[in-house]
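Letter by letter, the chains look like this.
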Amino acid sequence: MMPTRNLRLMLASAAFIGLSGPAFALDGADLVTKLNAASGSSGATIAYEGVNVDGTTVTLTGVSVKSAAAPGKDLKVGEVTLEGVEENDDGGYYVETVSLPDVDTKEDDVAFTAKDISLGGLTIPGNPNGGTVNDILLYESASTGPVTVTAKGKQVFSMEESEANLTKQESDAGFDFDATLSGIKADLSDVEDAKAKDAIEKLGLKTLAGEMTAKGSWEIATGNVSLEEYAFDFANVGRLALAFDFSGYTLEFMKSLQEAMKAQEANPNKEEANQALGLAMMGLVQQLTFNSASVRFDDATITKRALDYIGGQQGVSGDQLAQSLKGMVPLIMAQLNVPELQNQVSTAVNAYLDAPKSLTISAEPAQPVPFPMIIGAAMGAPNTVPSVLGVKVTAND
């Protein structure tokens, strides 16, 4: 037989666990309060009609998003389900999955739909005013299914899916991020303006199909933001890729920027608010340093069609227009008084017009350049900016 003392201990333990269960249940209202505190810097807050907690699942009903920039124009969301919710040691929360309802809205003749909207690995900080990476509202992944836009009963835009990922670097040094919008399609055949319609038809742009991709990183300590690629790739048009790298965008900088924007939104005197924001931005820019940037276009036959179209407007062929441009570029560059760039541009343009493959404009100074130095050069001696930034122009490389 079990000793009486052990039996009493087991019963007492069972009673304690049973009675303490509700005391340690998730607080859905507190979760939303802290979510709003963390997202409030963006000017958006969440309102809800009801909250239900079932184990680690929190369901919010009647959800709407309020924006300080558009008072009185709340975005109706509906029911939002948060699954795998855990309370962190700092009083914040980790949410494994956030599922949002499908969107189906219409205003006048334009309808918008979006399906399968979700977030993964949402971290809600307990103290959004802290100074570490763990005090930022973050998600590990975000995605949607099909998205469509319909105008006057005809679908003019669609996207198969979108996905974005945010990954913490080792020792919380920063983040790596990437995003993809795939299966993008646009129908421009019903453009009403006669000139625009003619241009679209002759350029072969009645329908567009492609994708958008982005990839980069953010290092917290130095505030180094490196956007390795932000690209638009469309069939029979080409691929436009942007990249830039700058430093100084630290957590302190980000919070100062958010505070400046909040102050601007809260000031009822918009002229005064905009002036104050402008002054604040000028002060913040002093903290940034330029490292590099580039713009690259890889042609997929749009250049020849553009030359033929523009040439046709002027009564010449596309080849004749190309030869004319070759002669005009040196004259234009001479007027800009940038001798170190003049030969580069002329050589690159000539090579590209002869055989359109790629055209790249890059800026990579030998040493990082503080933004105030760039602004000073632009105001005092604009023709020196290319040399300050280390600008280069190349083609077909």
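Residues numbered from 1 in each chain as written. Predicted model: local features only at pLDDT ≥ 70, side-chain atom pairs only at ≥ 80, totals over all residues. Heavy atoms only, no water.

Q: Explain the overall build of the protein to me, and be specific about the residues and the numbers.
A: A count of helical and extended segments in the protein gives 10 helices and 20 strands. Rg of the C-alpha trace for the protein: 28 Å, well past the compact-globule value of 21 Å for 397 residues, more than 25% over. A principal-axis box enclosing the C-alpha atoms of the protein has dimensions of 105 × 55 × 50 Å. Taken across its 397 residues, the protein has 33% of its residues classed as buried. The contacts of the protein with a sequence gap of at least 6 include a subset with a gap of at least 24, amounting to 56%. Accessible area for the protein stands at about 23,000 Å²; split by element, carbon and sulfur atoms hold 58% of it. Measuring between centres, the 27 positive side-chain charges of the protein sit 5 Å from its 52 negative side-chain charges. (Helix = DSSP H or I, 4+ residues; strand = E, 2+ residues; numbered from the N terminus. Rg over C-alpha atoms; globule rule 2.2 N^0.38 Å. Buried < 20%, exposed > 50% of the residue type's maximum accessible area, 1.4 Å probe, protein only. Contact = heavy atoms within 4.5 Å. Areas by Shrake-Rupley, 256 points an atom, 1.4 Å probe, with all protein chains shown as cover. Lys, Arg positive; Asp, Glu negative; His and termini not counted. Charge placed at Lys NZ, Arg CZ, Asp CG, Glu CD.)

Q: With reference to specific residues and values, describe the pattern of salt bridges.
A: Scanning all chains against the criterion turns up 14 salt bridges. Close ionic contact of Asp-233 with Arg-239 constitutes a salt bridge, the shortest N to O distance being 3.8 Å. Within the structure, one salt-bridge network assembled from shared partners comprises Lys-154, Asp-187 and Asp-190. (Salt bridge = Lys/Arg side-chain N within 4 Å of Asp/Glu carboxyl O.)

Q: Report on a negative patch on the surface, specifying residues and quantitative values.
A: On the surface, a cluster of negative charge is made up of Glu-160, Glu-161, Glu-163, Asp-176, Asp-178 and Glu-228. At the level of secondary structure, the elements contributing two or more residues to the negative patch comprise β12 (161-168) and β13 (174-187). In this fold, Asp-176 is placed in strand β13. Asp-176 sits in the partly exposed class, given a relative accessible area of 38%. (Patch = residues over 30% accessible without salt bridge, like charges linked within 9 Å, V, L, I, M, F, W, Y side chains within 5 Å.)

Q: For the packing of aromatic side chains, give the residues involved together with the corresponding values.
A: The geometry of an aromatic ring pair comes down to the distance between the two centres and the angle between the two planes. Inspection of every chain in the model, using the stated rule, returns 5 aromatic pairs. Pairing Tyr-249 with Phe-253 gives two aromatic rings, centres 5.3 Å apart and planes at 50°, and the pair type is tilted. We classify Phe-253 as buried; its relative accessible area is 6%. Taken together, the ring pairs in this structure connect Phe-175, Trp-218, Tyr-249 and Phe-253 into an aromatic cluster. (Phe/Tyr/Trp six-rings, centres within 6.5 Å; stacked < 30°, edge-to-face > 60°.)

Q: How would you explain a nonpolar patch on the surface if you had to name every residue and give the values?
A: Taken together, Tyr-230, Phe-232, Leu-240, Leu-242, Val-295 and Ile-361 make up a surface patch of nonpolar side chains, about 440 Å² in accessible area. Mapped onto the nonpolar patch, the elements with two or more residues apiece are β15 (224-234) and β16 (238-247). Along the chain, Tyr-230 falls in strand β15. We classify Tyr-230 as partly exposed; its relative accessible area is 31%.

Q: For the pairing of strand β3 (residues 57-67), give the residues involved together with the corresponding values.
A: In this structure, strand β1 (residues 44-47) lies alongside β3, joined through 4 bridges in antiparallel fashion. Residue pairing across strands places Ala-44 opposite Ser-67, the latter belonging to β3. Note that strand β2 (residues 50-54) and β3 share 5 bridges and pair antiparallel. By the bridge assignment, Gly-50 is partnered in β3 with Thr-61. Linking β2 back to β3 in an antiparallel pair, the connection comprises 2 residues, with Gly-55 at a positive phi of about 65°. In this sheet, strand β4 (residues 75-87) lies alongside β3 in antiparallel orientation, the contact comprising 6 bridges. Paired with Val-58 across the two strands is Leu-82, which belongs to β4. (Pairing = 2+ DSSP bridges.)

Q: How would you summarise the environment of Ala-179 if you had to cite specific residues and measurements?
A: Along the chain, the position of Ala-179 falls in strand β13. C-alpha separation for the pair Ala-179 and Gln-287, spaced 108 residues apart in sequence, amounts to 28 Å. Every residue in contact with Ala-179, bar those within four places of it in the chain, is listed here: Glu-163, Ala-164, Met-212, Thr-213 and Ala-214.

Q: Please provide a residue-by-residue account of helix α7 (residues 318-336), values included.
A: For α7, built from 19 residues, the straight-helix expectation of 27 Å at 1.5 Å per residue is met to within 8% by its first-to-last C-alpha distance of 27 Å. In α7, a bend of some 25° at Met-328 exceeds every other bend along the element, and Pro-330, a proline, comes one to four places later. All of the buried residues along α7 are Gly-318, Leu-321, Ala-322, Lys-326, Val-329 and Met-333. The inward-facing, buried residues of α7 abut α6 (302-313) and α8 (339-354). With its phi angle positive at about 60°, Asn-337 sits one or two positions after the end of α7. (Expected span 1.5 Å × (residues − 1). Bend = angle between axes of the 7 residues up to and from the residue.)

Q: So, the nonpolar core: which residues are in play, and what are the values?
A: Residues Ile-184, Leu-203, Leu-205, Val-237 and Ile-302 are the most contacted members of the largest nonpolar core, which totals 17 residues. Ignoring sequence-local partners within four residues, the contact set of Leu-203 consists of Ile-302, Arg-305, Ala-306 and Tyr-309. (Core = buried A, V, L, I, M, F, W, Y, C linked by side-chain atoms within 4.5 Å.)

Q: With reference to specific residues and values, describe the layout of surface pockets.
A: Over the atoms, a rolling probe the size of a water molecule traces out where space has been left empty. A volume near 520 Å³ is recorded for the second largest pocket. Around the second largest pocket, the lining is made up of 19 residues, and of these Leu-138, Tyr-139, Leu-166, Phe-177 and Trp-218 lie nearest the centre. Those elements that provide at least two residues to the lining of the second largest pocket are β8 (117-124), β12, β13 and β14 (207-219). It is β13 that provides the largest number of residues to the lining of the second largest pocket, a total of 4 residues. (1 Å grid on protein atoms, 1.4 Å probe; cavity = no way out; pocket = protein on both sides within 12 Å on 5 of 7 lines; lining within 4 Å. Points joined across faces, edges and corners; volume = space filled by probe spheres on them.)

Q: I'd like a description of the environment of Asp-245, backed by residues and values.
A: As for its placement among the helices and strands, Asp-245 is situated in strand β16. Of the residues examined, Asp-245 reaches a relative accessible area of 16% and is grouped as buried. Distance in space between the C-alpha atoms of Asp-245 and Glu-364 is 9.5 Å, their sequence separation being 119 residues. Apart from residues no more than four positions distant in its own chain, Asp-245 is found in contact with Asn-224, Val-225, Ser-226, Phe-290, Asn-291 and Ser-292. A polar side-chain atom of Asp-245 sits 3.4 Å from a polar atom in the side chain of Ser-226. Reaching out from Asp-245, the side chain makes a polar contact with the side chain of Asn-291 at a distance of 2.6 Å. (Polar contact = N/O pair within 3.5 Å; in protein donor to acceptor, adjacent residues only side chain to side chain.)

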